[in-house]
Amino acid sequence: MKNLNRRQFLKFASVTALAAALQTLVSPLAAAEKFFREPPWKGKKKYWGFAVDIDKCIGCGRCAKACKTENDVPKEPFFFRTWVERYILRRPAGLEVTSPNGGIDGYPALTSPETITKTFFVPKLCNLCDSPPCVQSCPVGATFKSEDGVVLVDRKWCVGCRYCIQACPYGVRYLHPVLHVADKCTLCYHRISRGLRPACVEVCPTGARMHGDLSDPNSPLSKLRDTSHYQTLKPHMGTRPNLVYLNMDQEVR
Amino acid sequence: MDTIQMLYEALPKVAGYIYPNELELQWSVLIVLYPYITGLVAGAFILASLERVFNVTEVKPTYRLSLLVALAFLLVAPIPLNLHLGHPERGFEIFFTPNKTSAMAMFGFVYLWYLLAVLLLEIWLDYRKDIVLWSQCEPFWPKRMVYKLMTLGVSNISERSLSIDDKLGRAITVIGLPSAVLLHGYVGFIFGSVKANPWWSTPLMPVIFLFSAMASGIAGVLLIYMGLCKFRKVLIDIKCVDTIGKYLLSAIVVAFSLEMLELIQMAYEAEEHFDIITLLIEGRLFISMICIQILMGSVTPMLLLGSAQVFRFSEMTRKVIYGLSATLSLIGILAMRWNVVIGGQFFSKSLLGFTTYKLELIGREGALVGAAILVLPFLILAGLLYLLPPWDHCSPTAADRSSK
Amino acid sequence: MKDFQHLLHVAAVFTVAIAAFLAIRHIVVPASFGRLGHYRADAVDEIKALPVLYAGERSCAPCHQEQTKDKSAGPHRTMACESCHGPALTHEAKPKAVHPFRPKEADIRTFCSACHERSLSRPRKFPQIEERKHQTGAPCIMCHPPHRPK
């Protein structure tokens, strides 16, 4: 390049500039803009998802209790893989949310029922995010999203730094007080991998909870999603949850 | 006290609604101390680099001291991190399987890089001539053995070798500056990148952390320098502390402006989380933030240091102002770390309630352990000052980088 | 050359340290790490192998055909047996030795109220009563057979 004279340089520069200009004209035509993401289960086999119908939940708390039994979660009221919240909206103003012992022992009687406008129960569990901030933040690779879509914790590798617990916008993680590692709802991975239902789904009396295969368009879960309007929690966070809520009120946090 | 016991006691103190798993604060006072300590490291190093790279000759008397202060605090930095882990014995994993999407994973290599390739190497290169001489003239034989070890078996201190050291040292300081920025900046990013927490999530967080770190490091070295001069009954170089005072003022002004910008913007935009954060600042964080961090730790030192710039005070008054401002800003910056780390965990991610934190006295994450962690660097510094005095030692041709 | 010697010694120290680091890493990091992603692939199988306690609805039917048939015709058909009777996998393994939970007669009203106590928060169409007013003293199953309540 050193001994380029002026003419050669101008020739080179103009050809390059022309090529670049043509590229900008051609590329918008070549690549149509895509305003949606491909589903993560394309090509993969099973891909687990979950749906909760808020209109069916009666707040009996059996799901939370069965989860603790099935998964050997400490019984104290500070560690939950799943829990049920009660929302009470009042007129003229007032939003009360409670979850005494995760809903396992029921809820206290409603005060001043004449001021209540809406009240309902909301079960909570791992949101099965497609872009899980917990996985992103784990410094050592102890938490990960399995190939079939479940976010899991490697108990033998977790160092207990608690960063994943900070990163989860939904508060579904906790530090196991005995094992000193992060713990969370695993969708009863040990059960669903054997064709069983998660413990919470199993014991729910009204069928408010449903798990299923998102990659199969004919699974009950896929059919439910295709025929109902649903919402996810905190969509502005960009976590892309695979936990969907039917009949969810705006006030649900 | 047992964790479960503490949680039962905390349960009735919850205000509003928190997610059931949020009763227990995840990060305790140990995680408040870690950014504080790495901040002191970064700040002390930047003060040292002022002389080396930017040729601010007035601060020469504190050059070697700054490096030793940085090293003393850097050695203590991993301790609070490891102590708070659920499995401290697995701490090595961060070196062997760091997750490249995790801000926290950066700790392993940024720390090692900064300790080995920047700080230790720079200190060694700067002291090498003295180390070689001390390895020959030191009368106390165990100390002489240590010096001999530190020479790495080479006793050549010819002009040329020393000029190589000088050039290399300068290059390392130049690399060291962004390394120091990274060492503390990544800590800010650890918090700033947590989108789930609106008190933490901001692009300004690494910058705020960095400038308040610089303020704390400069204040720390200033106090240590003045304290050591008094202890050694040596005159304080007034030009030196005047210059350091100016840099301290600048650092505090920038840090304060960024912190205020953060709050003003948050108040102006008034997003969904604004209500709970208002309650946080007016309630649980009122004393530690408004009173200690802002009024006592930022505004007062700015006024004091600013007045020393505007008015002509006597040397004695100026020294008192510097000492007082440095102390207040060190307390204020510790409060800032508390307000960020603990404050961010007080309110629920449901934005509907608060939990509580009781700093225990004893226990792995208690106040006594915290105090020990803050005292330990000074003990290490004493050891370093004994081994590598920044001032004259037995050798008559001690390096001319020493202070008066 | 002699003037660079000390730097060569430093480089040697660093080289030894890095080599030791890599060697230790090779020994300590489990073999399955990184196979499927940035995690220990063996962990997936370890989690799959965790113990199961709830047997699942399908397990009860083969031995308890009468109750299953009863239930399938009534409003409790959406409920799994273990919802009321608790985890039953050990019972399935040793049916005579281990019996699943069954509420005592004195506790039945409390037990059924957990779901059926009237609450505004519950769906309006869901069958609810006010326990302290509804047939006080009588156990629910006196009028409402549990597997096929009316």
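Not measured: the values here are computed from a predicted model.

## Looking at the overall build of chain C
Part 1 of the reasoning: A count of helices and strands for chain C gives 7 helices and 0 strands.
Part 2 of the reasoning: Here the C-alpha atoms of chain C give a radius of gyration of 31 Å, more than 25% beyond the 15 Å that 2.2 N^0.38 yields for 150 residues.
Part 3 of the reasoning: Counting only C-alpha atoms and orienting by the principal axes, one finds that chain C spans roughly 105 × 40 × 25 Å.
Part 4 of the reasoning: Within the span of chain C, comprising 150 residues, buried residues form 27% of the whole.
Part 5 of the reasoning: Of the contacts formed within chain C by residues at least 6 apart in sequence, a portion of 44% connects residues at least 24 apart.
Part 6 of the reasoning: Between the mean site of the 22 positive side-chain charges and the mean site of the 14 negative ones, chain C shows a separation of 5 Å.

## Topic: the interface of chain B and chain A
Part 1 of the reasoning: Between chain B and chain A, the residue contacts involve 41 residues of the former and 50 residues of the latter.
Part 2 of the reasoning: Between chain B and chain A, roughly 3800 Å² of surface is buried when both sides are summed, and carbon and sulfur atoms account for 55% of that area.
Part 3 of the reasoning: A salt bridge links R162(A) to E24(B); the nearest nitrogen and oxygen atoms lie 3.4 Å apart.
Part 4 of the reasoning: On inspection of chain B and its partner chain A, the count reaches 31 residue pairs in polar contact (both at pLDDT 80 or more).
Part 5 of the reasoning: Secondary structure elements with two or more residues in the side of chain B that touches chain A: α1 (3-10), α5 (93-96) and α8 (159-192) of chain B.

## Some details on the confidence of the model for chain B
Part 1 of the reasoning: A residue-level look at chain B finds 97% of positions with pLDDT of 70 or above and a mean pLDDT of 92.
Part 2 of the reasoning: Here residues 395-404 of chain B is modelled with pLDDT under 50, and outside its nearest four sequence neighbours on either side it reaches 28 contacts, counting other chains as well.

## Brief notes about the interface of chain C and chain B
Part 1 of the reasoning: Contacts between chain C and chain B engage 18 residues on the former and 23 residues on the latter.
Part 2 of the reasoning: Note that D3(C) and R160(B) form a salt bridge whose closest N and O atoms lie 3.5 Å from each other.
Part 3 of the reasoning: For the side of chain C that touches chain B, the class distribution of residues is 11 nonpolar, 4 polar and 3 charged.

## Let's talk about a nonpolar patch on the surface
Part 1 of the reasoning: A surface patch of nonpolar side chains, amounting to about 350 Å² of accessible area, comprises F92(B), I24(C), I27(C) and V28(C).
Part 2 of the reasoning: Structurally, the position occupied by I24(C) is in helix α1 (residues 5-28).
Part 3 of the reasoning: With relative accessibility at 44%, the residue I24(C) sits in the partly exposed group.

## Things to note about the side chain of S102(B)
Part 1 of the reasoning: Considering the arrangement of structural elements, one finds S102(B) in the loop between α5 and α6 (106-137).
Part 2 of the reasoning: Here S102(B) is in contact with Q136(A), S137(A), C138(A), P139(A) and Y163(A), once residues within four sequence places are set aside.

## Some points on helix α12 (residues 286-310) of chain B
Note on helix geometry: an α-helix contains 3.6 residues per turn, so any two residues three or four positions apart are oriented the same way.
Residues and elements named next belong to chain B.
Part 1 of the reasoning: A rise of 1.5 Å per residue sets the reference length of α12, with its 25 residues, at 36 Å; its end C-alpha atoms lie only 32 Å apart and thus fall more than 12% short of the reference.
Part 2 of the reasoning: Along α12, the largest kink reaches about 35° and is centred on L295.
Part 3 of the reasoning: Listing the buried residues of α12 in full gives S288, M289, Q293, I294, G297, S298, P301, M302, L305, G306, S307 and A308.
Part 4 of the reasoning: Contact partners of the buried residues in α12: α10 (238-269), α11 (274-282) and α13 (315-341).

## Observations concerning the pattern of salt bridges
Part 1 of the reasoning: Tallying each qualifying case throughout the model produces 27 salt bridges over all chains.
Part 2 of the reasoning: Ionic pairing is found between R191(A) and E70(A), a salt bridge with its closest N-O pair at 3.3 Å. One end of the pair, R191(A), is in helix α5 (residues 189-192); the other, E70(A), is in helix α2 (residues 62-71), and 121 residues separate them in sequence.
Part 3 of the reasoning: Linked by salt bridges that have partners in common, D154(A), K156(A), R40(C) and E46(C) make up one network.

## A closer look at the sheet that holds strand β2 (residues 83-90) of chain A
All names here are of chain A.
Part 1 of the reasoning: In spatial order, the strands read β3-β2-β4; together these 3 strands make up an open sheet with antiparallel pairing. Edge positions in the sheet fall to β3 (95-98) and β4 (116-124), since each has one partner strand and no second. Direction aside, the axes of adjacent strands within the sheet are offset by 15° on average.
Part 2 of the reasoning: Across 8 bridges, the pairing between β2 and β4 is antiparallel. Pairing of I88 across the sheet is with T119, part of β4.

## A word on the packing of α10(B) against α13(B)
Residues and elements named next belong to chain B.
Part 1 of the reasoning: It is at 10 Å that the axes of α10 and α13 come closest, and there the two elements cross at 35°. You can see that α10 and α13 cross each other, and the crossing is left-handed. Here α10 contributes I238, V241, D242, G245, L248, I252 and E259 to the contact with α13, which in turn contributes E315, R318, K319, Y322, A326, S329 and M336.
Part 2 of the reasoning: Classifying every residue of the contact of α10 with α13 gives 7 nonpolar, 2 polar and 5 charged.

Basis of the calculations
Residues numbered from 1 in each chain as written. Chains lettered and ligands numbered in written order. Predicted model: local features only at pLDDT ≥ 70, side-chain atom pairs only at ≥ 80, totals over all residues. Heavy atoms only, no water. Helix = DSSP H or I, 4+ residues; strand = E, 2+ residues; numbered from the N terminus. Rg over C-alpha atoms; globule rule 2.2 N^0.38 Å. Buried < 20%, exposed > 50% of the residue type's maximum accessible area, 1.4 Å probe, protein only. Contact = heavy atoms within 4.5 Å. Lys, Arg positive; Asp, Glu negative; His and termini not counted. Charge placed at Lys NZ, Arg CZ, Asp CG, Glu CD. Buried area = accessible area lost by both parts, 1.4 Å probe. Salt bridge = Lys/Arg side-chain N within 4 Å of Asp/Glu carboxyl O. Polar contact = N/O pair within 3.5 Å; in protein donor to acceptor, adjacent residues only side chain to side chain. pLDDT = per-residue confidence, 0-100. Nonpolar A, V, L, I, M, F, W, Y, C, P; charged D, E, K, R; others polar. Patch = residues over 30% accessible without salt bridge, like charges linked within 9 Å, V, L, I, M, F, W, Y side chains within 5 Å. Areas by Shrake-Rupley, 256 points an atom, 1.4 Å probe, with all protein chains shown as cover. Expected span 1.5 Å × (residues − 1). Bend = angle between axes of the 7 residues up to and from the residue. Pairing = 2+ DSSP bridges. Axes fitted to C-alpha atoms, helices over the stretch in contact; angles between N-to-C directions. Left-handed = near helix turned anticlockwise from the far one by under 90°.

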